[in-house]
Structure formats: structure tokens, C-alpha cells
Amino acid sequence: MLETDFKYIIDTFFTLFAMTLIIFMVPGFAMLEAGLVRTKNVSAVLTTNVMIYAVASLAFLLFGYKVAFGSFDSSTSSIWAIVMFQMAFVGKSINIVSGGVSERVRIIPLAIFTIIMGSVIYPMVVNISWGADMLRDTFLDLSMYDLAGSTVIHSTGGWALLAALFIVGSRRGRYQEGRVKVIPASNIPLVVLGAFLLWIGWFGFNGGSVGSISSVESANLVAKTIMNTNTAGLCGAIIAGVIMYIRYKLFDITMILNGALGGLVAVTAAADLYDMYTPILIGLIGGALVVFAVPLFDKLKLDDPVGALSVHLINGIWGTLAVGIFIQNISFMAQLKGVFLIGMFVFSISYTVLFIINKFFKFRADNEAQLMGMDINECGVEAYPEFRRAI
Amino acid sequence: MKRVEAVIKPFKLEDVKDALAEIGITGMTVSEVKGYGRQKGHSELYRGAEYVVDFLPKIKIEIVVDDENVEQVTTTIVEAARTGKIGDGKIFVSDIEKIIRIRTGETDSEAI
């Protein structure tokens, strides 16, 4: 066997393996969200997550990939492995949206938005950042560094969620006469399971984005990338726990896990470029940002049951800017420009699309449906039929 | 005959049951209930925001005893269920007009 053949096979295998890890983030998001919402909405949340994976992936396969990359072509590993790997990402950006609007969003309009996000909006973002680059040589050309998508995936999902929150509104009774009504999580063990599935999926997310493992240098780079990814997650969790304890003398596991995910989002932009110690700082800042952002979004009446804005939007931005701060030959201004342009683009196009869909199919379930629970109204299958429903 | 109803902290049920068994109480009815008293529940913290849990889980014990045993039973419950902290519960004593044992048809004191 030729050495080039061997490299081709190894890289194909590596890409498929990374893709499989990323797909593990589907149950990760599903379990995290199912645990953070009330029991009467769990089937609906899970249905949404599964539908997003199916709908978004097919939309990306049929239309999105060509929008993003132009053509199917690769000489270094199987193009089908690369297509699958890229396809695995698309659902993540929409999962971020669905988590933040859960407990009151209806499935059909969200599925329609998923088709458009998966076939046009997300692929356009990929096009200008990783892909065919249709803005090349214009003044809008992006030269931002974003290894696995702090901006391209996470803050893209975050901006779309922000737009969706303006359209969908908060959950019934969440903000009344200046008071915030707290709606606690229903199943903490599921939240832990989901967060750790996401964490593990992240190794494929970032590790796979290095692109090749078939030489000693690239194998080292993949290993370092995965180690740095993990480090930022650890530090995000630790700082969230420490801050919660200092402020409230209590450990809130949901916040600790959000802190870990915040660190992971932040390091995603350049886990391959950092030395061993920088991700510690990036994770610490990322986790701290989550702890302060969660109550801040509540003050702004942006009702986000799972903390997706704090984790993905805030840390997507922080992570992308951090590359410009910590890596010498990467321009901070180029990173800022990428954050700003993609943010403006995704927010405005998402808002427009969501607004139009909302004219025909209301995103928000009415109060009675919310009271009964989305399980009964949208799915007919209650997640926990033996529990007495707490309204 | 009197009915003694005691609302107590859930984790005190074993202690109260054992203490009552020791003074010869042969049966009781227990239910899981929720409620609040003067303190109006307590506050908990979730993701940095405080919220009030209005209805706290409690256990309600119901026992029917002869008039002369009321004092001993209530004292026993008070001793066994007390922690000294807020939310230890309350005991209510009321009259019972009639008791019938379904299996045998025995009535009143014989049916306790």
C-alpha cells in the first residue's frame, strides 16, 4: 500500500470518528434540555431535538453543503466522510436556538426555520468563513481565525436564538410585574448526563476540525487540541462553582455545567493554536461570563431556560476575540470584524425569516397550551404520564 | 374517642411511629401532604435567582384513641417529632362520633 493511500484511509477514519463524537452531542443537547425544563414539556423538547437533527442534516446534505463549499471535492480523504463531518455541525447551531425557546415554542414553525437555517443561513456563514468564500476580495472579506466555530456555530446559533426570543417571547408567567418567577429544572441527573455527552462530543468537534491525523505533527496537533478543549471545560466548571459559592454559599450544579460548556465554547475558536496554559485563562473567563450573564439576561427579560445565550452567544464572542488577544500573529481587529459581521448577518436574516414564518405559523404556543404542557399539545406523548402534573 | 391528627416533618415519621408503638398504639393512617404555616415556606436558589417554595412536603398521621389516652399520645408525638427548628408541625385533636370495624362489625372502643 502506498503511503498516500494509508494517509487517505487514516484521515477518512479519523474524520468519521470525529463525526460520530459530534453526533453524540444530539443526545447531549436533548438530555441537557430535557433535564432543565419542566416534566410537562419533556417529550416536546426531545421531539424538537430529534427533528432538528433529521431535518437540518437532510437540508444541509441536499442544499447546504453546496451553498457552503461549492462542490464535492477532496483529495486528502473521502469526500463523503468530510460531507458527513460538516453535516454533523449543522444541527448544533439550531439546537442552540431550540433550547433557548423551549417550553413555549411550537414544533412546526421551528421545523420550517430549521430547513432555512440548515440549507441557507448556516451554510452562508460557513461559506464566508470556512468555505467557498463568496466575499473574497471585497471589503467584507473575513480573515478571522475560527478553528471549530466559536463564531461560525456557537454565536451563530446564539444570534439566531436572540432573534427568536424577540419573536417567541418569554414563558407564561415568567416575568410578572417586575418580578422574575423562577422555574427550576425537573431532572438534574439528566442535565449532568447531557452536559457530559456534549463535553465528550466536543473532542470530535474541535479535534476533528484540525482535519488530519495522518502525520506525526498533525497527530500531535489533534492531541493538543483535544487536551486544550478539555482544559477550558475544566476551568469553566471550577470558576462557576467558585463564584456561586462566594456569592451565595451554595453550589448550583446547573450553573457549574453551564460554566463548563461556556469554557468549551470559548476555547473552540483556536484550541489548536494555544499552548498548554492559555486555555486555563480562557476557560476561567468563559465560565465566569456565564455566571454573570445568566442573571443579566433575566433582567433583560430574555427568557432562556437552558442558558444558551450565556453559554453560546457570549462565549462564542469571547472565544473568537480571545484568539486575537492571545495569539500574536492574529489580528484582534480581524477577529472583531468576523464577530460583528456574522452577528449582524445572522441576527438580521434570522429575525426576518422568523418574522415571516411567524405570520403564517405562530411560534408561540398559547397560554392554555403552555399550562397543559407542550407534551400534550404538540406530541400527545407525555414524557412522564405517571407523574401528577404540577402547573 | 378522639382523633389525633399530627402534621410532622417527613423524616420524623419513623421516630414517631416507633415511639407510638412503644406506648401500645396499634395502628395509624399516614398521608403525604403539603402546606405552610406562619413562615410561609422557605426560599431556595436556582441559577442565581431566589424563589419561594410555598408548599412544603409534610406527613400527616391520623390516630384514633380513647379519651384517656389522648394526653399520652400527644405528648409522645411532640417528643418524638420535635427538632426545635421552624416547621416541626402541629397536632389537632377532635371528637369522633362512631367507629365501625368493617370485617366484624364491632363498634366504637372495641373497633379502635
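Calculation notes
Residues numbered from 1 in each chain as written. Chains lettered and ligands numbered in written order. Predicted model: local features only at pLDDT ≥ 70, side-chain atom pairs only at ≥ 80, totals over all residues. Heavy atoms only, no water. Phe/Tyr/Trp six-rings, centres within 6.5 Å; stacked < 30°, edge-to-face > 60°. Buried < 20%, exposed > 50% of the residue type's maximum accessible area, 1.4 Å probe, protein only. Helix = DSSP H or I, 4+ residues; strand = E, 2+ residues; numbered from the N terminus. Polar contact = N/O pair within 3.5 Å; in protein donor to acceptor, adjacent residues only side chain to side chain. Contact = heavy atoms within 4.5 Å. Buried area = accessible area lost by both parts, 1.4 Å probe. Salt bridge = Lys/Arg side-chain N within 4 Å of Asp/Glu carboxyl O. UniProt positions renumbered as here; feature names shortened; annotations may be inferred. Expected span 1.5 Å × (residues − 1). Axes fitted to C-alpha atoms, helices over the stretch in contact; angles between N-to-C directions. Parallel < 35°, antiparallel > 145°, perpendicular 65-115°, else oblique. Nonpolar A, V, L, I, M, F, W, Y, C, P; charged D, E, K, R; others polar.

What to know about the packing of aromatic side chains
All names here are of chain A. Applying the stated criterion across every chain yields a total of 18 aromatic pairs over all chains. For the ring pair Phe 60 and Tyr 65, a centre distance of 6.1 Å and an interplane angle of 90 degrees mean the geometry is edge-to-face. Like Tyr 65, Phe 60 is buried. Aromatic pair Phe 60 and Tyr 122: ring centres 6.1 Å apart, planes at 50 degrees, arrangement tilted. One end of the pair, Phe 60, is in helix 3 (residues 42-69); the other, Tyr 122, is in helix 5 (residues 107-129), and 62 residues separate them in sequence. Here the aromatic cluster, defined as three or more aromatic residues joined through ring pairs, consists of Phe 60, Tyr 65, Phe 69, Phe 72, Trp 80 and Tyr 122.

Concerning the side chain of Ser 93 of chain A
Residues and elements named next belong to chain A. Structurally, Ser 93 can be placed in helix 4 (residues 79-100). The exposure class of Ser 93 is buried, given its relative accessible area of 0%. Only 2.9 Å separates the side chain of Ser 93 from the backbone oxygen of Val 90, close enough to count as a polar contact. Beyond its immediate chain neighbours, meaning those up to four positions away, Ser 93 contacts Met 117, Tyr 122, Ile 153 and Gly 157.

Observations concerning the interface of chain B and chain A
With 7 residues of chain B in contact, the opposing surface of chain A contributes 15 residues. Counting the surface lost from both chain B and chain A, the interface buries some 970 Å², and carbon and sulfur atoms represent 60% of this. By the criterion of area lost to chain A, the three top residues of chain B are Leu 45, Tyr 46 and Arg 47 of chain B, representing 72% of everything that side buries. Linking chain B to chain A there are 0 salt bridges. At the surface where chain B touches chain A, the tally comes to 5 residue pairs in polar contact (both at pLDDT 80 or more).

Considering the UniProt feature "modified residue: O-UMP-tyrosine" (unreviewed entry) in chain B
With numbering aligned to this structure, UniProt lists the feature "modified residue: O-UMP-tyrosine" (unreviewed entry) at Tyr 51 of chain B. Summarising the element assignment, Tyr 51 of chain B is placed in strand 4 (residues 49-53). Beyond its immediate sequence surroundings of up to four residues, Tyr 51 of chain B is in contact with Val 182 and Pro 184 of chain A together with His 42, Ser 43, Glu 44, Leu 45 and Tyr 46 of chain B.

Looking at the UniProt feature "domain: Ammonium transporter AmtB-like" (unreviewed entry) in chain A
Within this structure's numbering, the places UniProt gives as "domain: Ammonium transporter AmtB-like" (unreviewed entry) are residues 14-384 of chain A. For residues 14-384 of chain A, helix accounts for 72% and strand for 1%, while the C-alpha atoms at its two ends are 39 Å apart.

Let's talk about helix 12 (residues 332-360) of chain A
Residues and elements named next belong to chain A. In this model helix 12 runs 42 Å from its N-terminal to its C-terminal C-alpha over 29 residues, within 8% of the 42 Å that 1.5 Å per residue would give. Among all positions in helix 12, only Ala 334, Gln 335, Gly 338, Val 339, Ile 342, Gly 343, Val 346, Ser 350, Val 353, Leu 354, Ile 357 and Asn 358 are buried. A distance of 3.2 Å separates the backbone nitrogen of Met 333 from a side-chain oxygen at the start of helix 12, and that oxygen is part of Ser 331.

Regarding the packing of helix 2 (residues 25-36) of chain A against helix 4 of chain A
All names here are of chain A. At a minimum axis separation of 11 Å, helix 2 and helix 4 run at an interaxial angle of 5 degrees. As judged from the angle between their axes, helix 2 and helix 4 are roughly parallel. Where helix 2 abuts helix 4, its residues Met 25, Val 26, Phe 29 and Glu 33 lie against Lys 92, Asn 95, Ile 96, Ser 98 and Gly 99. Looking at the contact of helix 2 with helix 4, its residues break down into 4 nonpolar, 3 polar and 2 charged.

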